[in-house]
Amino acid sequence: DIQLTQSPSTLSASVGARVTITCRASQSIETSLAWYQQKPGEAPNLLIYKASILESGVPSRFSGSGSGTEFTLTISSLQPDDFATYYCQQYTHYYTFGQGTKLEI
Amino acid sequence: EVQLLESGGGLVRPGGSLRLSCTASGFIFEHYAMNWVRQAPGKGLEWVSVVSDYGATTYYADSVKGRFTISRDNSKNMLFLHMSSLRDDDTATYFCAKGSMLVQGVIDHWGQGIPVTVSS
C-alpha cells in the first residue's frame, strides 16, 4: 500500500503569510495527487488535482507542485477563511489520504 | 447543483449490520464513479470503497474488505454501503463522494456525512 506523510501536522501562521504544506509518498505516484480543505463540521472540498491543477472556483492564492514522491501545497497570502485542515490524497493505486495538516492562527 | 444526501446511519452493536444510502441529484449519476470515505471522531479521512459508473467494478480498503459491500442503483440515483460484522473502530462519519469525470480517483463533490456509532 502507498502511504502518504504530511508535514507539519500543525502549522501556526498569520493572515497574509505564505505557507507551505508537504506531502511525501512511500513510492512514486507520478502526479496522481489531490489536495482537499476541510473546515470543522463540514465535508472536504477539492482544491487541486494532478498535483498542480487548480479546481474551478478555487482562489489563485492556492497552488500545488511536485511529482514522484514529494509534493507541496502553497497558500501565497493567508486569508481568514483558509484556517482549516488540509489533506493530500493519492489515486494511482487505490486511494490513500495523508493524515492531515491543521492550519491555525 | 450537485447534491449528495446520506441516510441510514445510527447506533449499532458490535457484530451487527447497517446499510447506508446516498441519494444523488444535480448530475447524470450513471456517468460517474462513486465512493464512500469515512472519518473517525477527531481523526483524518479514510477512503473506504469505490464503485464504477455502471457498478461492474468495486474496490475496498483492506480494513473493510470482506465485511462491507458497495452497490448502486442507477435507476434511482442511489449509492449504498452495506456494512456487516461491525467493529468499534468502524465508528465514524461516512461521506458519500462523487468521482471526477476528468481524473479517475479524484473526488469533486462530497455529501455532508452521516454518523455511524458501533458500541455495546
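Structure: above.
Presented here is an overview of the structure given in this document. (Residues numbered from 1 in each chain as written. Chains lettered and ligands numbered in written order. Predicted model: local features only at pLDDT ≥ 70, side-chain atom pairs only at ≥ 80, totals over all residues. Heavy atoms only, no water.)

So, about the overall build of chain B. Counting its secondary structure elements, chain B contains 0 helices and 11 strands. Ordered by position in the sequence, the α and β elements of chain B form the string β-β-β-β-β-β-β-β-β-β-β. Its C-alpha atoms give chain B a radius of gyration of 13 Å, near enough to 14 Å, the size a compact globule of 120 residues would have. Oriented by its inertia axes, the alpha-carbon framework of chain B measures out at about 40 × 25 × 25 Å. (Helix = DSSP H or I, 4+ residues; strand = E, 2+ residues; numbered from the N terminus. Rg over C-alpha atoms; globule rule 2.2 N^0.38 Å.)

All names here are of chain B. Pairing is antiparallel across the open sheet formed by 4 strands, whose spatial order is β1-β3-β8-β7. Since the sheet does not close on itself, it has two edges, and those belong to β1 (3–7) and β7 (68–73), each with one partner. Strand-to-strand twist of the sheet, defined as the mean angle between neighbouring strand axes without regard to direction, takes the value 15°. Of the pairings in the sheet, the one linking β7 to strand β8 (residues 78–83) comprises 6 bridges and is antiparallel in character. (Pairing = 2+ DSSP bridges. Axes fitted to C-alpha atoms, helices over the stretch in contact; angles between N-to-C directions.)

What follows covers the nonpolar core. Leu20, Trp36, Leu79, Leu81, Met83 and Tyr94 of chain B are the most contacted members of the largest nonpolar core, which has 27 residues in total. Counting only elements with at least two residues in this core, the list comes to β3 (18–25), β4 (34–39), β5 (45–51), β7, β8, β9 (92–99) and β11 (114–118) of chain B. The element contributing the most residues to this core is β3 of chain B, with 4 residues. Leu81 of chain B has contacts with Leu18, Arg19, Leu20, Trp36, Val48, Phe68, Thr69, Ile70 and Tyr94 of chain B, leaving out every residue within four places of it along the chain. Among the nonpolar cores identified, the runner-up in size contains 25 residues, and Val19, Cys23, Leu47 and Tyr86 of chain A belong to it. (Core = buried A, V, L, I, M, F, W, Y, C linked by side-chain atoms within 4.5 Å. Buried < 20%, exposed > 50% of the residue type's maximum accessible area, 1.4 Å probe, protein only. Contact = heavy atoms within 4.5 Å.)

What follows deals with the pairing of strand β5 (residues 45–49) of chain A. All names here are of chain A. Within β5, 4 of the 5 residues are buried, which leaves it mostly tucked inside the rest of the structure. Across 3 bridges, strand β4 (residues 33–38) lies against β5 in antiparallel orientation. Bridging across to β5, Trp35 finds its partner in Ile48. Adjacent in sequence and paired antiparallel, β4 and β5 are bridged by 6 residues, among which Gly41 carries a positive phi angle near 75°. Relative to strand β6 (residues 53–54), β5 runs antiparallel, the two sharing 2 bridges. If you follow Ile48 over to β6, its bridge partner there is Leu54. Turn length for the β5-β6 hairpin, with the two strands adjacent in sequence and antiparallel, is 3 residues, and the turn residue Lys50 shows positive phi of about 50°.

Here we come to the packing of aromatic side chains. Applying the stated rule across the entire model yields 10 aromatic pairs over all chains. Summarising the aromatic geometry, the rings of Tyr36 of chain A and Trp110 of chain B are spaced 5.6 Å apart at their centres and angled 85° between planes, so their arrangement reads as edge-to-face. Of this pair, Tyr36 of chain A sits in strand β4 while Trp110 of chain B sits in strand β10 (residues 107–110), each in a different chain. Residue Tyr36 of chain A shares its accessibility class with Trp110 of chain B, and that shared class is buried. With centroids separated by 5.5 Å and ring planes inclined at 80°, the aromatic side chains of Phe27 of chain B and Tyr32 of chain B adopt a geometry described as edge-to-face. The burial state of Phe27 of chain B is the same as that of Tyr32 of chain B; both residues are buried. (Phe/Tyr/Trp six-rings, centres within 6.5 Å; stacked < 30°, edge-to-face > 60°.)

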